[in-house]
Amino acid sequence: MLENLDVVAIAALLPITACMLVTQVNPYHALIIRGIVGAVAALVYALFGAADVALTEALVGTMLSITLYAIAVRSSMSLRLGTLAPALPNPDAVSAPLTQQLFPALRQALKKHHLRLEVLPYTSAQALQLALENKEIHAVCLPAAQLDPGETTDDLTAPYVLNIRLPRLYEILGAALPPEIAAVNFSRALRLMPAEPPSPDSQLQNALEGQP
């Protein structure tokens, strides 16, 4: 019995690490523990003389699966937020109030749920609306002045409005974001303020320039 004590000790690590894996909340920590489980399993197989099974577990069950899990976690554990990019001087930039106030508050709220913020700038509010309807993004951040007042039932005292199409994200951010930073609204589409009709002077100028 004593001569097999090392084998028993190594085999006992398998259920221990498996219990740690299923109780882990952080998905990135779970990936690390999953690798430990695979390494322990491969070692147990090797100790019992199943070298081929140990090699398969090490290559496929551990290395390949961990790589695929990491890619899946990286691509899914994020909030894709659409914003308006200024026309000049840098189209990829966003306005200063967003980067100084809203984005830090968003990242702080998402960090508690192991999510990351991915900002996608768009050139117009119509492009944002289309991206939200096509499910290319999870939420839209727009100045409150560009939204139809009927879009939300709350008083728009905040400078920005977050339109979120996923109920769970709406619950998280609605409870975490201060109302003076941004109003949070659950909606799968945007109702923008109607565009003002062109003035007669602009119509005449467009006609002279040959534009419709």
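For every chain, the first residue of its written sequence is number 1, and the numbers climb from 1 along that sequence. Since the coordinates come from a predicted model, pLDDT governs what is reported: local features require at least 70, and pairs of side-chain atoms require 80 or more to be given and counted, while whole-chain, interface and lining totals use all residues. Computation of side-chain values covers all heavy atoms of the structure but excludes hydrogens and water.

Trainee: Which parts of the structure should I look at to understand helix H5 (residues 125-133)?
Mentor: Residues spaced three or four apart along an α-helix face the same direction, because each turn holds 3.6 residues. Throughout, exposure labels follow a simple rule: accessible area from a 1.4 Å probe, protein chains only, divided by the maximum for the residue type, with under 20% read as buried, over 50% as exposed, and the rest as partly exposed. Comment: elements are numbered from the N terminus, with helices defined as DSSP H or I runs of at least four residues and strands as E runs of at least two. Those residues of H5 lying buried are Ala125, Leu128, Ala131 and Leu132. One face of H5 carries all of its buried residues, which in axial projection span an arc of 120 degrees. Buried positions along H5 lie against strand S1 (78-84), strand S2 (116-122) and strand S3 (139-143). Lys135 sits one or two positions beyond H5 and adopts a positive phi of about 60 degrees. Directions from the helix axis toward the C-beta atoms define the arc. Every residue pair with non-hydrogen atoms within 4.5 Å of one another is taken to be in contact.

Trainee: Looking at this structure, how should I read the UniProt feature "transmembrane region" (unreviewed entry) in the protein?
Mentor: UniProt positions are given in the numbering used here, feature names are shortened, and annotations may be inferred rather than shown by experiment. The UniProt record annotates "transmembrane region" (unreviewed entry) at residues 6-23, 30-48 and 54-72. Here residues 6-23 runs as 94% helix and 0% strand, with 27 Å between its end C-alpha atoms. Along residues 54-72 the backbone is 100% helical and 0% strand, and the end-to-end C-alpha distance reaches 25 Å.

Trainee: I keep staring at the packing of helix H1 (residues 5-22) against helix H2 (residues 27-47) and nothing clicks. Help me out?
Mentor: Geometrically, a packed helix pair is captured by the angle between its two axes and the distance between the axes. Where H1 meets H2, the closest approach of the two axes is 9 Å, and the angle between their N-to-C directions is 155 degrees. By the criterion of interaxial angle, the relationship of H1 to H2 is roughly antiparallel. For the pair H1 and H2, the crossing hand works out as left-handed. Here Val7, Ile10, Ala11, Leu13, Leu14, Thr17, Ala18, Met20 and Leu21 of H1 come into contact with H2, specifically with Ala30, Ile33, Arg34, Ile36, Val37, Val40, Ala41, Leu43, Val44 and Leu47. Charged residues are taken to be Asp, Glu, Lys and Arg, nonpolar residues to be Ala, Val, Leu, Ile, Met, Phe, Trp, Tyr, Cys and Pro, and polar residues to be all remaining types, Gly included. For the contact of H1 with H2, the residue count by class is 17 nonpolar, one polar and one charged. Only the stretch in contact is used when a helix axis is fitted, and all axes are lines through C-alpha atoms; the angle between N-to-C directions ranges over 0 to 180 degrees. Roughly parallel refers to an angle under 35 degrees, roughly antiparallel to one over 145, roughly perpendicular to one between 65 and 115, and oblique to any angle outside these ranges. Handedness of a crossing follows from how the near helix is turned relative to the far one, being left-handed for an anticlockwise turn of less than a right angle and right-handed for a clockwise one.

Trainee: So what exactly am I meant to see when it comes to the packing of H2 against helix H3 (residues 51-76) here?
Mentor: Axis separation between H2 and H3 bottoms out at 8 Å; the angle between their running directions is 175 degrees. Here H2 lies roughly antiparallel to H3, going by the angle between them. When H2 is examined against H3, the residues Pro27, Tyr28, Leu31, Arg34, Gly35, Gly38, Ala39, Ala41, Ala42, Tyr45 and Ala46 are found in contact with a partner set consisting of Val53, Ala54, Glu57, Ala58, Gly61, Thr62, Ser65, Ile66, Tyr69, Ala70 and Val73.

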